[in-house]
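# Reading the structure
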Amino acid sequence: MSESSYAEQRARKVLSEYGDSIFRLAYSFLHNELDAQEVVQETLIQMLRYDPSFDTPKQEKGWLLKTAANLSRNKLRFWKAHETDELDERLKAEEKPDLAFVWDAVRTLPSDYQSAIYLFYQEGYSTKEIAEILKKRESSVRSDLTRARKQLKLILKEEYDFEE
């Protein structure tokens, strides 16, 4: 198998298996579909450039999400430095349409809270794993999750007349 066809096959496999997760994480940072798609592409490029090997699919997914989070943060820093306005587009909760209103509420939270909520509830990562992905202390991730839950309760109660 030629090197280019191996790279193409690996990229297709990664995109097929993890593309949605990478996209949703990038979107939780960037709130812009095109920029999130760009982060997905940049993440694939990084994977192909460094060609890391992993013992488990979970390690591979973790590396990809960590890379996407870093690329998203870099993009946010660039925007802040260049005072670029972000577009406010909507990401649909594809897998659980009945919970779309919850993800709409999540999108109103600060980006650190959004990322923690997404990685914990949607991707099933532990707080320790989230801390590694987001380059934070585990206690900070737990605090982010606690604060995010409190804010979500208020938002859901006010906006959607949701009771516990």
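Relevant structure appears above.
Scope of this entry: the structure provided in the associated data block.

Before going further, it helps to examine helix α5 (residues 111-122). Structurally, the α-helix is built with 3.6 residues per turn, so residues lying three or four positions apart point the same way. Between its first and last C-alpha atoms α5 spans 15 Å; for 12 residues at 1.5 Å apiece the expected length is 16 Å, and the two agree. Within the span of α5, buried status applies to Y113, Q114, S115, A116, I117, Y118 and L119.

Looking at the element boundaries, S28 is found in helix α1 (residues 3-30). Take S28: its relative accessible area is 7%, and that puts it in the buried class. Dropping the residues within four chain positions of it, S28 is found in contact with S111, Q114 and S115.

Our next topic: the pattern of salt bridges. If you walk through the whole model with that rule in mind, you get 12 salt bridges. For the salt bridge of E123 with R24, the shortest nitrogen-to-oxygen distance reads 4.0 Å. With E123 in the loop between α5 and α6 (127-134) and R24 in helix α1, the pair connects residues that are 99 residues apart, well separated along the chain. Exposure remark for E123: the relative accessible area of 14% places this residue in the buried category. R24 sits in the buried class, given a relative accessible area of 10%. Salt bridges here are not isolated pairs; linked through shared partners, they connect K13, E17 and E60.

Moving on, we come to the layout of surface pockets. Roughly 180 Å³ of internal volume is contained in the second largest pocket. Forming the boundary of the second largest pocket are K58, Q59, G62, W63, K66, Y125, E129, E132 and I133. The set of elements that each furnish at least two residues to the lining of the second largest pocket consists of α3 (57-82) and α6. Ranked by residues supplied to the lining of the second largest pocket, first place goes to α3 with five residues. Taken together, the residues that form the lining of the second largest pocket break down as three nonpolar, two polar and four charged.

If you walk through the whole model with that rule in mind, you get three aromatic pairs. For the pair F23 and Y27, a centre-to-centre distance of 6.1 Å together with 35° between the ring planes defines the contact as tilted. Within this pair, F23 and its partner Y27 are both found in helix α1, separated by four residues, close to a single helical turn. No difference in accessibility class separates F23 from Y27, as the two residues are buried. With 4.8 Å between their ring centres and 80° between their planes, F120 and Y121 make a pair best called edge-to-face. Judged by its relative accessible area of 45%, Y121 is partly exposed. The side chain of R149 reaches across the aromatic face of F120, ending 5.5 Å from its centre.

Next up on the list: the nonpolar core. Ranked by size, the top nonpolar core spans 40 residues in total, and within it L25 and L119 carry the most contacts. Among the elements of the structure, α1, α2 (33-50), α3, α4 (100-106), α5, α6 and α7 (138-160) are those that each provide at least two residues to this core. By residue number, the principal contributor to this core is α1, which donates nine residues. Not counting residues within four places of it along the chain, the set of residues in contact with L119 comprises L25, L65, G124, Y125, I130, I133 and L134.

Conventions used here
Residues numbered from 1 in each chain as written. Predicted model: local features only at pLDDT ≥ 70, side-chain atom pairs only at ≥ 80, totals over all residues. Heavy atoms only, no water. Helix = DSSP H or I, 4+ residues; strand = E, 2+ residues; numbered from the N terminus. Expected span 1.5 Å × (residues − 1). Buried < 20%, exposed > 50% of the residue type's maximum accessible area, 1.4 Å probe, protein only. Contact = heavy atoms within 4.5 Å. Salt bridge = Lys/Arg side-chain N within 4 Å of Asp/Glu carboxyl O. 1 Å grid on protein atoms, 1.4 Å probe; cavity = no way out; pocket = protein on both sides within 12 Å on 5 of 7 lines; lining within 4 Å. Points joined across faces, edges and corners; volume = space filled by probe spheres on them. Nonpolar A, V, L, I, M, F, W, Y, C, P; charged D, E, K, R; others polar. Phe/Tyr/Trp six-rings, centres within 6.5 Å; stacked < 30°, edge-to-face > 60°. Lys NZ or Arg CZ within 6 Å of the ring centre and 35° of its normal. Core = buried A, V, L, I, M, F, W, Y, C linked by side-chain atoms within 4.5 Å.

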